[in-house]
Amino acid sequence: MNRILKVSYGPALLVFLILMARFTFPNKMTFIIELAIFSIYVMGNNILYGYLGMVSFGQPFYLGVGAYATAIFLAHVGTNPLVGMLLSLLMGLVVGLILGPAFIRLRGDYFALINAATCAIGMFTIEKLLLPITRGDDGLWYRARMSQIPFVDIRMPDKFFLFALAIFLIVLILYNFMDKSALGSSFRAIRVNESKMKFLGYDTFKIRWIGFTLASILSALSGSLYAINFGFVNPSLAEPHRAAEVLVATLIGGAGTVFGPFFGTLAFLGIKDLVSQYIAHWELAVGILTLLVLFRFSKGIWGNTEAIMNEKFGKKRNRSVKKLLTDKAAT
Amino acid sequence: MNIDLLLPAIFFGLSVSGILFLVSLGISIGFGLMRIINMEQMVYYTFGAYMAYTMVSATGSFLLGIIAGILVAAFLGFLVETQLLRRVYGKELMFTMVVTFSVFLIGIGIIQYTWGLDPKPVSSPFHTMIPILGVQMPLYRLFIIAIAFVVYVLIQLMLNKTIIGKAIRAGIENPDQVQGLGINIRRIFTVTFVVASGLAGLGGSLNAPLTMTGPYMGFDMLLFAFITVILGGLGSIKGTLVSALIMGQVISVGGTIWSPLAFVAPFIVMFCVILWRPTGLFGVTGKAFGFQE
Amino acid sequence: MDNSEILMTKGVTKNFGDFTALNDVDFEMKDKEAVGIIGPNGAGKTTFLNIITGYYMPDKGNVFSEGKDITHLSPAKRVALKIARTFQLVHVFDNLSVFENVALAFFRHKEGKSLPLRIFSQSLSQPLIDEKVSEYLQIFELDHLIDEVVGNLPLGSKKRLELAMAFAADPKVLVLDEPFAGLGDQEINEIVGVLKRYTHNKTILIVEHKVSKLTEFVDRLAVMNEGEIIAYGGCQETLNNPEVRRCYWKV
């Protein structure tokens, strides 16, 4: 219990700040909703890129899986958005478990490309082959079919805001918990030296599989939230060339950190917002920004903040061990 | 399937192969020689196509369009190699991938800025049809096949007969040793890169009349080019040629059988190749290509 | 001789292309014994360790541990049989802290599974791990570096850290590949001191060039040359072996 509390402080503070921001800038609510949803997507990619060191050029596919799972359910089967969301989570889990073993044994560049190929085929399937179900480019509309769920009526934007924020808080707490757990350390260890992890006796294949599946689940959750938020989906949400967005947000925020994805998303969406007021598309800005981060600012926003904080306040970790050591030295 | 449709499909496939070969070569050599994954090759391809569009609409001469396409693409390749890629040689493969992908995005941004978002049509320079084996083939497609063939022969000659070509070959076989031979590896890299990007530009300008020239044309081609390179084996020029020939037929004949196959079949091929034979057909070495150690 | 020795190989052969790295190697070690392997460069010493620890599979022959054929087991499964190793080129996690490095090794030992279920729920920072890790860190005099990121440490500390990780797995058999390479005399003596304390506690197989240091604590010495073990026995006896004198000392 103590540990749950420990990993909750940071996320709770962040969500509190977001709430403050929402009331300070009431007309920015749509932006903040997207911030929360996209952050979850970036967190998924951060497990792959930041923790495990795997680049995927096909993350939109996993987002699309989640979005379409919810959308197809709401448009054709049921009316309860929460059931749609559960379905998306399940799809994310299944897709991750099935594709994982085939993909993660590949070397990095092949991994990136086979994900891109998966995304292309997957979206083609949704757009063209499943046309009767997904209505292709026209998209699926189901806003009117969504029913009320207990406590909050998430069909209302300001209520959905609270709902999305609550999900974001839960995910962030779990994410922080993962980061501090043995699993988080194992991910980071595999990133730099997988063979040493094997010789320490860990099944690195399964650990990477877990990471891949977690990324898939988080992307699907994010896609589901997008679907509920918009009340419709079309294939443009998961176009293969949008693979860059999530990578860039991960890089800017600080790969391999807990809060990096949030700040990366904040910066990315902010820049996109600003840039799109001046030029129609944002590829140029995003490309330049990525190069800048890669060459000049490689730890990203949160990575650098953390480094400065560690410098200023000293590292707080392993206090208990240090105490143990001083006790031993005394006796 | 009707045999009357098969023959034209095969000829069409050959012209697709020609384009694929030209645009994939840079990716293949980039990996074989410099050990980088250069995703920005498609910028040169796209610029080649837009130069063809610009020159044809300004002067009406397609030949000028091709020349401008090659020169602009080669110049861009020179800029990118000397200003940026030099800093990433020897870095992790993943790093080179993200860097070159950013360059690709910047290129798309510049294209959007210069030419706008609307696709631009380029009309074919010849509309003559030539009968071959009883099939009417557009002369332009034959022209592409011929050019791709000439390029292949020229590259083979360059690799086998010139000093720099021999150095490139040695570099692909063993990148660490070339430095020791007293060869200026930087210059070799630059020359190779400029040639490869020029060829991608050539591919782009040649493909312009066959497809819509738009800012995102590089994305689809990027995936097809990578499939070609992976099928052939990263780093092998002969492999790139053979797999371009195969992919052309997969796209063209597949599309004739059932039109969605033109898009999906290459990816299915890629899946099979990556998962069951990750070295490709002519991978540089048997070990560790595709699989982690 | 039965197969129940703690470590035994029979007819192990390994080729790399045309080059025969190991040729029909028979080898055996008793429980709690310390054995050193010496030999010129390219004699096949590291290849031999790699086969024992599962980095490579042999082309021919078998590896046994306590009577069990482990020839085709993965490295992770061999760790489960309590065989731990270090590498000639130091293998540590540069992006983690000293504490986390050792804690990962100890956590695997504590949980006893190659994919511990509690990997999700447990933190590496908990009383039992804290206590054990600090113990190992003190043994290898790394306690003052506990929070340092390993990437910033000098080679000597990294080498000691890798040893600490191997010890934290509490192995029965400890396989060390050139633990002294690249270290100064002072650092070597510290490590020799630690190893001496454990020689009658653990089975240690160690490849090393510095024969004079080895003979301080190993029970037996094996000499390899051109993929074969040409002599194996007590230290003095082995070093005086005429073939060893000819091959190794060139006299």
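Structure report, in brief.

Cut-offs applied
Residues numbered from 1 in each chain as written. Chains lettered and ligands numbered in written order. Predicted model: local features only at pLDDT ≥ 70, side-chain atom pairs only at ≥ 80, totals over all residues. Heavy atoms only, no water. Helix = DSSP H or I, 4+ residues; strand = E, 2+ residues; numbered from the N terminus. Polar contact = N/O pair within 3.5 Å; in protein donor to acceptor, adjacent residues only side chain to side chain. Contact = heavy atoms within 4.5 Å. Axes fitted to C-alpha atoms, helices over the stretch in contact; angles between N-to-C directions. Parallel < 35°, antiparallel > 145°, perpendicular 65-115°, else oblique. Phe/Tyr/Trp six-rings, centres within 6.5 Å; stacked < 30°, edge-to-face > 60°. Buried < 20%, exposed > 50% of the residue type's maximum accessible area, 1.4 Å probe, protein only. Lys NZ or Arg CZ within 6 Å of the ring centre and 35° of its normal. Patch = residues over 30% accessible without salt bridge, like charges linked within 9 Å, V, L, I, M, F, W, Y side chains within 5 Å. Areas by Shrake-Rupley, 256 points an atom, 1.4 Å probe, with all protein chains shown as cover. Salt bridge = Lys/Arg side-chain N within 4 Å of Asp/Glu carboxyl O. Lys, Arg positive; Asp, Glu negative; His and termini not counted. Charge placed at Lys NZ, Arg CZ, Asp CG, Glu CD. Pairing = 2+ DSSP bridges. Buried area = accessible area lost by both parts, 1.4 Å probe. Left-handed = near helix turned anticlockwise from the far one by under 90°. Nonpolar A, V, L, I, M, F, W, Y, C, P; charged D, E, K, R; others polar.

1. What about the side chain of Thr13 of chain C?
Residue and element names in this part refer to chain C. Counting through the fold element by element, Thr13 comes out in strand S1 (residues 7–16). At 3.1 Å, the side chain of Thr13 and the backbone nitrogen of Asp24 are in polar contact. The residues touching Thr13, leaving out its near neighbours within four places in the chain, are Leu22, Asn23, Asp24, Pro58, Asp59 and Lys60.

2. A word on the packing of helix H4 (residues 93–115) of chain B against helix H9 (residues 217–232) of chain B
All names here are of chain B. The contact between H4 and H9 brings their axes to 10 Å, and the two run at 150°. One way to sum up the angle between H4 and H9 is to call them roughly antiparallel. Mapping the contact onto sequence places Phe101, Phe104, Leu105 and Ile108 in H4 and Gly218, Phe219 and Leu222 in H9.

3. A word on the packing of aromatic side chains
Under the counting rule described, the total for this entry stands at 41 aromatic pairs over all chains. Centre to centre, the rings of Phe168 of chain A and Phe262 of chain A are 5.9 Å apart; their planes meet at 45°, and the pair counts as tilted. Of this pair, Phe168 of chain A sits in helix H7 (residues 157–180) while Phe262 of chain A sits in helix H12 (residues 260–278), placing them 94 residues apart in sequence. Each member of the pair Phe168 of chain A and Phe262 of chain A is classed as buried. Every member of this aromatic cluster is reached through a ring pair, and the members are Phe57 of chain A together with Phe101, Phe104, Tyr216 and Phe219 of chain B. Seen from the ring of Phe31 of chain B, Arg35 of chain B lies directly overhead, with NZ or CZ sitting 5.4 Å from the centre. The cationic tip of Arg85 of chain C hangs over the ring face of Phe87 of chain C; the distance from NZ or CZ to the ring centre is 4.1 Å.

4. A closer look at a negative patch on the surface
Where like charges cluster on the molecular surface, the negative patch consists of Asp24, Asp26, Glu226, Glu228 and Glu243 of chain C. Relative to the assigned elements, Asp24 of chain C resides in strand S2 (residues 19–29).

5. Brief notes about the sheet that holds S2 of chain C
Residue and element names in this part refer to chain C. Pairing is antiparallel in the open sheet, where 4 strands are placed in the order S2-S1-S4-S5. With one partner strand each, in any of the chains shown, S2 and strand S5 (68–69) form the two edges of the open sheet. Bridge count between strand S4 (residues 60–65) and S5: 2 bridges; the pairing is antiparallel. Considered in S5, the bridge of Phe64 is made with Asp69.

6. Quick notes on the interface of chain C and chain A
Taken together, the contacts link 41 residues of chain C with 33 residues of chain A. Between chain C and chain A lies a buried interface of about 3400 Å² when both sides are counted; carbon and sulfur atoms form 63% of it. Run the count over chain C and chain A and you get 2 salt bridges. Put simply, Glu162 of chain C and Lys196 of chain A hold a salt bridge, and the shortest N to O gap is 3.2 Å. Looking at the side of chain C that touches chain A, the elements with two or more residues in it are helix H2 (75–80), helix H3 (98–111), helix H4 (127–139) and helix H5 (155–168) of chain C.

7. Digging into the packing of helix H11 (residues 243–253) of chain A against helix H13 (residues 283–296) of chain A
Residue and element names in this part refer to chain A. Viewed as axis vectors pointing N to C, H11 and H13 meet at an angle of 40°, and their least axial separation amounts to 10 Å. Considering how the two elements wind past one another, H11 and H13 form a crossing that is left-handed. Residue-level inspection shows Val248, Leu251 and Ile252 of H11 in contact with H13, the latter providing Val286, Leu289, Thr290, Val293 and Leu294.

8. Description of the interface of chain B and chain A
Taken together, the contact between chain B and chain A spans 46 residues of the former and 41 residues of the latter. Across the chain B to chain A interface the summed buried area is about 4000 Å²; carbon plus sulfur atoms make up 79%. Counting across the chain B and chain A interface gives 0 salt bridges. Between chain B and chain A we count 0 residue pairs in polar contact (both at pLDDT 80 or more) in total. Broken down by element, the side of chain B that touches chain A gets its largest block of residues, 16 residues, from H4 of chain B. Of the residues assigned to the side of chain B that touches chain A, the class counts are 39 nonpolar, 5 polar and 2 charged.

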